[in-house]
Amino acid sequence: MKKKKQNEPKRNVSFSQFGSYNLLFEYFITHGLEQNYVRPPEITKRTMELGNRNSPDFVCSPFKFTLGCFLEAIEAGADTIVQVGGVVACRLKYYGSMQKKIIEDLGYDIRFVNLAEASREDPRSFLALFRKINPDFSLVKILRTGITVVAMLEALDRVQLTVSKNAGFELRDGDFDREFRRFCGRLLKSPNDPISVYRIYRETKKNMRAIPTDVPEHPLRIAVIGEYYTVMDDYSSHNIEKKMAKYGMRVERWMNVSHTLLHYSAPKRRKIIRDYVQYDMGVTTTSNVGFALECAKKGFDGIIQLKSFGCTPEIDAMPVLRSISSDYDIPILFFSFDCQNADTGIETRLEAFYDMIRLKKEAQLKSGAPERAAAAI
Amino acid sequence: MTVGIPRAGMYYRCGVLWENFLRSLGEDYVVSGETNKAILEKGSALMADESCLSSKIYMGHVDSLLDRCDCLFVPWLSNFGADGINCTRFRAYHAMISNIYRERAPKLLTYAIDYSGTQDMKHAGDEETAFMSMAKALGRSKKEIRDAYRAAKQISEEDFARRVAQAEAVADGEGTKILIVGHDYSIYDAYIGRPIIKAFQNFGMKLIDANLVDRRQAQRDFRKLSDGTLPWTVSRELLGGVVRYRDRVDGIVLLTGFPCGPDSLVNEVIKREVDDKPILYLLQDGQDGLAGVETRIESFTDILTYHGNGER
Ligand code: SF4
Ligand code: SF4
């Protein structure tokens, strides 16, 4: 193995920004496929403009985000681009094909690895894609790193949940965020085995438990749902979870990569929502509607839906969410983001929503309406 | 029992099948009227602002039927077979209607197609199996349903083949020819598409609908313009139609209702891959009718006629 690699220069592989998940990808590329990883530059206005300018009209914004990231990564030296879209039967499935075309038409000579070309039923199709990145990959290393990365994914999502739930109550601004960043940095340097990952996870949880917080007796509990990419990517959602934390909301979000990929039973959720949806609506609607309903039943104070402008399945879920909202008397706020949203408009709507649910809660508490205790960390 | 069929969405693809099926069973049914301003306005009020134009039209038709029928015909059309899927909206209509009209709770007559069978729906399966699931709701025996389905299917396939043959004849014939690429429910809609068709015809253009192709052939042909990851059946067929007709037409018109998900990508494929024909891109939001579009149609036909004269 080693011998061959000396003649093959390593490829510089990149992937678009996607929440904190890039670090998993980086780890897999460097340890599993043994190639270089090019970190896509932080998303800025310019990333958006690049993406916007080169994208088709009114395509959903994750397309524009990821394209902008790819173009900047190429400028930063990437020669291989990986698009993971395609597990979802939506426009996402065609992102890769279109983006490849656009990048080639711009005159860049890169290798484009499109996960939509692989099929979950046929594991060999993934090997073909790995081979595109490293023709001499070692299956042992891939499997070993794969296990570590799955452990990292679980750890990352759990820690992220802890942050979402508690950042709103920290006494010192940014404590949770700082610990989270440290955690990410440590994961990247972790030895390639799940036990080391677990150790880092345990220590992080311990550190987070030690962060001084002031949780009110009846915090406002908000369920965050929405379209896959926007919900998980802070930049796309204008850091809405951080903004919510500033208002002291306890954010609960089910949707993340590990839940949807590893711990999701569509038939179960379909059963839960049977009173509202008799026939599956596709993509992430079942899981979102199901989670919204669970939270409504638990007596949450509000639901916030995040999506990119024109996102078909999430728009279609809106009438269903409205039904739940009126049946359980739980306010709901819909956000659609495109590349041109102004922060101020978002703030204003969030603030109005906050005022409403806070007053509602106060009235509720005064009248002594039964309220279920908020779950602890 | 009177069944109400919205004249929108998949009606334009499956309507012949639906109507013949109900007719041969002797069921009463009513198809909603042609789209007009009132229908679109009603639909727009019921749907989120950022929904696509054709879904607003669809919901307007649904609304117009509520007082005129005992149950609405709302199939769940995840796909039409192994060759791709449908836009998720055709899976969503059933739940959207039952939630938008939650108080009123209209009865819905449904068959659910899901060839891939991954959705563990009660009645999922191929089209025939899906139709059979309506036996109970219609109070018929399985055999009656099967016979009615098979007869109606044959009529609808013959009807489609006849329309394809007509389109081929136009493509082989004389005149300045335009390939119109769009969803059939846009092209044939009385409010959105037909005025545009008429405008072109007034300028003496011959129109060919890219949907009218041999569908099996189109499923192979689309790969000349795209790789196989293109998910939607209808989009694949439209690209197949472009492959089939592009050399026999003088120009191409892309007709899209804002903000259609599949079209946002498929139009871009056509714009990038077809560089030897003038392309007119008509994006409609249902706001301003034909005003503004008319001048663009006129100058486009001007280009085509000059183009044509120069070549011949
Ligand atoms: S889920 Fe929404 S954002 Fe994602 S590809 Fe589909 S339409 Fe676009
Ligand atoms: S294909 Fe386009 S026009 Fe048709 S329902 Fe989907 S988004 Fe609307």
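Residues numbered from 1 in each chain as written. Chains lettered and ligands numbered in written order. Predicted model: local features only at pLDDT ≥ 70, side-chain atom pairs only at ≥ 80, totals over all residues. Heavy atoms only, no water.

### Points about the overall build of chain B
For step 1, the next point in the chain: Scanning chain B from terminus to terminus reveals 13 helices and ten strands.
For step 2, the next point in the chain: In terms of overall size, chain B behaves like a compact globule, its C-alpha atoms giving a radius of gyration of 20 Å where 312 residues would be expected to give roughly 20 Å.
For step 3, the next point in the chain: The principal-axis extents of the C-alpha atoms in chain B amount to approximately 65 × 40 × 35 Å.
For step 4, the next point in the chain: Expressed as a percentage of the 312 residues in chain B, the buried residues total 59%. (Helix = DSSP H or I, 4+ residues; strand = E, 2+ residues; numbered from the N terminus. Rg over C-alpha atoms; globule rule 2.2 N^0.38 Å. Buried < 20%, exposed > 50% of the residue type's maximum accessible area, 1.4 Å probe, protein only.)

### Observations regarding the environment of D172 of chain B
All names here are of chain B.
For step 1, the next point in the chain: With respect to the helices and strands, D172 occurs in helix 7 (residues 142–172).
For step 2, the next point in the chain: Looking at D172, the relative accessible area reads 57%, which means it is exposed.
For step 3, the next point in the chain: Sequence spacing of D172 and D302 is 130 residues, and the spatial spacing of their C-alpha atoms is 22 Å.
For step 4, the next point in the chain: Setting aside its immediate chain neighbours within four residues, D172 contacts K177 and R248.
For step 5, the next point in the chain: Among the polar contacts listed, one links the side chain of D172 to the side chain of R248, at a separation of 2.8 Å. (Contact = heavy atoms within 4.5 Å. Polar contact = N/O pair within 3.5 Å; in protein donor to acceptor, adjacent residues only side chain to side chain.)

### Some words on the confidence of the model for chain B
For step 1, the next point in the chain: Overall, the predicted model of chain B reaches an average pLDDT of 93, with 95% of residues at or above 70.
For step 2, the next point in the chain: Two numbers describe this predicted complex: its pTM, 0.93, and its ipTM, 0.93. (pLDDT = per-residue confidence, 0-100.)

### Some words on the nonpolar core
All names here are of chain B.
For step 1, the next point in the chain: Ranked by internal contacts, the top residues of the largest apolar core, which has 144 residues, are W18 and F21.
For step 2, the next point in the chain: Ignoring anything within four residues of it in the chain, the contact list for F21 reads F131, M134, L138, I145, A148, Y149 and A152.
For step 3, the next point in the chain: Counting 50 residues, the second largest nonpolar core, distinct from the first, contains F160, L239, V243 and L265. (Core = buried A, V, L, I, M, F, W, Y, C linked by side-chain atoms within 4.5 Å.)

### Topic: the sheet that holds strand 8 (residues 332–337) of chain A
All names here are of chain A.
For step 1, the next point in the chain: Strand order in the open sheet made by the four strands is 6-5-7-8, with parallel pairing throughout. One side of each edge strand has no neighbouring strand; the edge strands of this open sheet are strand 6 (249–253) and strand 8. Going across the sheet, the axis of each strand differs from the next one's by a mean of 25°, ignoring polarity.
For step 2, the next point in the chain: Packed on one face of the sheet, helix 16 (residues 343–366) meets strand 5 (220–226), strand 6, strand 7 (302–308) and strand 8 and runs near 170° to strand 8. (Pairing = 2+ DSSP bridges. Axes fitted to C-alpha atoms, helices over the stretch in contact; angles between N-to-C directions.)

### Here's the deal with the domain arrangement of chain B
Residues and elements named next belong to chain B.
For step 1, the next point in the chain: For chain B, the assigned domains read domain 1 (2–154) and domain 2 (173–308).
For step 2, the next point in the chain: One C-alpha centre belongs to domain 1, the other to domain 2, and the line joining them spans 26 Å.
For step 3, the next point in the chain: Every contact between the two is made by 22 residues of domain 1 and, on the other side, 24 residues of domain 2.
For step 4, the next point in the chain: Carbon and sulfur atoms make up 60% of the surface buried where domain 1 meets domain 2, a total of about 1,900 Å² over both sides.
For step 5, the next point in the chain: For the domain 1 face of the interface with domain 2, the top three residues by lost area are Y12, R13 and L53, together amounting to 33%.
For step 6, the next point in the chain: At the boundary of domain 1 with domain 2, the tally comes to two salt bridges.
For step 7, the next point in the chain: R194 is paired through a salt bridge with E34; the nearest N and O atoms lie 3.5 Å apart.
For step 8, the next point in the chain: Elements represented by at least two residues in the side of domain 1 that touches domain 2 include exactly helix 1 (11–24), helix 2 (37–46) and helix 3 (53–65). (Domains from an automatic or database assignment. Buried area = accessible area lost by both parts, 1.4 Å probe. Salt bridge = Lys/Arg side-chain N within 4 Å of Asp/Glu carboxyl O.)

### Regarding the site of ligand 1
Residues and elements named next belong to chain A.
For step 1, the next point in the chain: Neighbouring residues of ligand 1: C60, P62, C90, R91, L92, Y95, E227, S308, C311, T312 and P313.
For step 2, the next point in the chain: Residue assignment for the shell around ligand 1 shows that the elements contributing at least two residues are helix 5 (92–105) and helix 15 (312–327).
For step 3, the next point in the chain: In terms of residue class, the shell around ligand 1 is made up of seven nonpolar, two polar and two charged.
For step 4, the next point in the chain: Both of domain 1 (12–137) and domain 3 (216–377) provide at least three residues apiece to the shell around ligand 1. (Near = heavy atom within 4 Å. Nonpolar A, V, L, I, M, F, W, Y, C, P; charged D, E, K, R; others polar.)

### Concerning the interface of chain B and chain A
For step 1, the next point in the chain: Across the contact, 44 residues belong to chain B and 45 residues belong to chain A.
For step 2, the next point in the chain: Taken together, both faces of the contact between chain B and chain A bury some 3,700 Å²; the carbon and sulfur share is 61%.
For step 3, the next point in the chain: Our enumeration of links across chain B and chain A arrives at five salt bridges.
For step 4, the next point in the chain: Note that D105 of chain A is salt-bridged to R272 of chain B, the shortest N-O span being 2.9 Å.
For step 5, the next point in the chain: If you list the elements that add at least two residues to the side of chain B that touches chain A, you get helix 4 (89–100), helix 12 (261–273) and strand 10 (279–284) of chain B.
For step 6, the next point in the chain: Looking at which element gives the most residues to the side of chain B that touches chain A, the answer is helix 4 of chain B, with nine residues.
For step 7, the next point in the chain: Residue composition of the side of chain B that touches chain A, grouped by class: 21 nonpolar, 14 polar and nine charged.

### Focus on the sheet that holds strand 7 (residues 177–181) of chain B
All names here are of chain B.
For step 1, the next point in the chain: The strand order across the open sheet built from four strands is 8-7-9-10, with neighbouring strands paired in parallel fashion. Since the sheet does not close on itself, it has two edges, and those belong to strand 8 (206–209) and strand 10, each with one partner. Averaged over all adjacent pairs, the angle separating strand axes in this sheet is 25°, with direction ignored.
For step 2, the next point in the chain: Pairing of strand 7 with strand 8 involves four bridges; the strand directions are parallel. Paired with L179 across the two strands is I208, which belongs to strand 8.
For step 3, the next point in the chain: Seen against the sheet, helix 7 touches strand 7 and strand 8 and runs at an angle of roughly 140° to strand 8.
For step 4, the next point in the chain: Against the sheet, helix 12 engages strand 7, strand 9 (251–257) and strand 10, with an angle of about 165° to strand 9.

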